[in-house]
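Inside the fold
Each chain, written out:
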Amino acid sequence: MVVAQHRPTRLLISQQAIAHNLAVVRQVSGCRTIFMAVKDNAYGFGLLPVSRAVLAGGAQGLAVAVLDEALVLRTAGIKAPILIMSLLDAQYAQACADQQVIVTVASLAWLQKAQHNLTGTAPLLVSLGLDTGMGRIGYRDRAEIEESIRFLQQHPTQFTYQGLMTHFADSDTVETDYFHRQVRRWHALTDGLPQPPMVHVANSGAAMYHAAEVPTDIIRIGTVVYGMEPSEGTMRPDNYLDQIERLESELIMVKHVPAGEGLSYGHTYVTPTAEWVGTIPIGYGDGLSRKLKGFPVLIQGKKCPIIGNLTMDALMVRLPGPLPVHTPVTLLGQDGDQRLTLTDMAQHTGIAPWELSIRFAERLPRKLVD
Ligand SMILES: *Cc1c(COP(=O)(O)O)cnc(C)c1O
């Protein structure tokens, strides 16, 4: 992967904003322990910089989707607890035990298979995943859960019964029937079971909107800490969160174009009058959606619309006048009294804010700032 260090385009991540958002979630949910979801390159913001910022800013653990993400964190020297939230093949059980990574398990058969691969030098930390209605992964049968807990307790050199979890399909909408059905199912599956050290059920939506109804001592969250309102503002205006990212670049070319000229691939934009056009070195190759055509960038505190198709490496904007090359450009973040957020981009493109952020390409340099 190539990171473009010799180009003025970069993604700055604010440690202060991350710490602020962590504090907001802690206060609203009353949680003691936060496992921060840093899967998929920390929702696109950068696995290592974000992991360091959240651990410094108030999270106790990290949550990933695949073993490889956990291994990158351990190789980077991160010693915090790591939870793998997806299922992995039992052949990797020993690697997880070696790295002290907590795995999610959804069947007794998996435990029996893993047992053959575990030497017992360090026990495998197991969090049992329960499917209460998400329909993705997890136990659905109480008898099998009880049998699995007995199995873990009978093999203490190989396994530690570390956690019980479930995941909500619908925690961030005004309609709460489905959420409450999952809570009832959770109780039916778990009431009276031996309690492990970690019971963790709340994602961002549950932690922000349902803290009184579910256990929130330990939570697994991503979205809110990344400054994205889980309901995209429908449950709560998004002004209680700080924007963590600033995507910036500069003008690399400025020209005066006569009326009637086509711009960019396909000439979908033709200048209606003579106008000043600026070129900015960021394109869909950096992860921007091509649906951002017409969306503004900020230059000297003013909105300048993207005109013509985005190209892989650059895009063009209409300028208010003949600005100098190297004039700073803000694609996400504050400039004067204007601000652009991922939620704004989501409204323009019809793509969810977190789906826009996970597209940020490896080519964009990411840098932690205060
Ligand atoms: C991604 C994920 C989370 C974090 O969800 P947010 O809505 O971003 O807070 C929590 N739990 C599981 C199982 C996940 O896959």
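Scoring rules and cut-offs
- Residues numbered from 1 in each chain as written.
- Predicted model: local features only at pLDDT ≥ 70, side-chain atom pairs only at ≥ 80, totals over all residues.
- Heavy atoms only, no water.
- Axes fitted to C-alpha atoms, helices over the stretch in contact; angles between N-to-C directions.
- Helix = DSSP H or I, 4+ residues; strand = E, 2+ residues; numbered from the N terminus.
- Parallel < 35°, antiparallel > 145°, perpendicular 65-115°, else oblique.
- Left-handed = near helix turned anticlockwise from the far one by under 90°.
- Contact = heavy atoms within 4.5 Å.
- Nonpolar A, V, L, I, M, F, W, Y, C, P; charged D, E, K, R; others polar.
- Near = heavy atom within 4 Å.
- Areas by Shrake-Rupley, 256 points an atom, 1.4 Å probe, with all protein chains shown as cover.
- Salt bridge = Lys/Arg side-chain N within 4 Å of Asp/Glu carboxyl O.

**Describing the packing of helix α3 (residues 47-57) against helix α4 (residues 67-75)**
In contact at an axis separation of 11 Å, α3 and α4 are set at 65° when each is read in the N-to-C sense. Looking at the two axes, α3 sits roughly perpendicular to α4. As α3 runs across α4, the sense of the crossing is right-handed. Within the contact between the two elements, α3 uses Leu47, Leu48 and Ser51 and α4 uses Glu69, Val72 and Leu73. Looking at the contact of α3 with α4 residue by residue, the class counts come to four nonpolar, one polar and one charged.

**Side note on the site of the ligand**
Taken together, the neighbourhood of the ligand is formed by Ala37, Lys39, Tyr43, Met85, Arg136, His167, Asn203, Ser204, Arg220, Ile221, Gly222 and Thr223. Relative to its unbound accessible area of 390 Å², the ligand is 89% covered by the protein chains. Mapped by element, the contributors of at least two residues to the shell around the ligand are α2 (39-43) and β9 (218-221). For the shell around the ligand, the residue count by class is four nonpolar, five polar and three charged.

**Observations concerning the pattern of salt bridges**
When the charged atoms of two side chains lie near each other, side chains of opposite charge can form a pair. Enumeration over the complete set of coordinates arrives at 10 salt bridges. For arginine 246, the salt bridge identified is with glutamate 248, shortest N-O distance 2.8 Å. Notably, a salt bridge pairs aspartate 313 with arginine 363, separated by 3.0 Å at the nearest N-O pair. Highlighted residues: aspartate 313 in the loop between β16 (302-307) and β17 (315-319) and arginine 363 in the loop between α11 (353-357) and β20 (366-369), separated in sequence by 50 residues. Where salt bridges share partners, they join Arg7, Asp286, Asp313 and Arg363 into one cluster.

Functional significance is not addressed by these values, which are geometric in nature.
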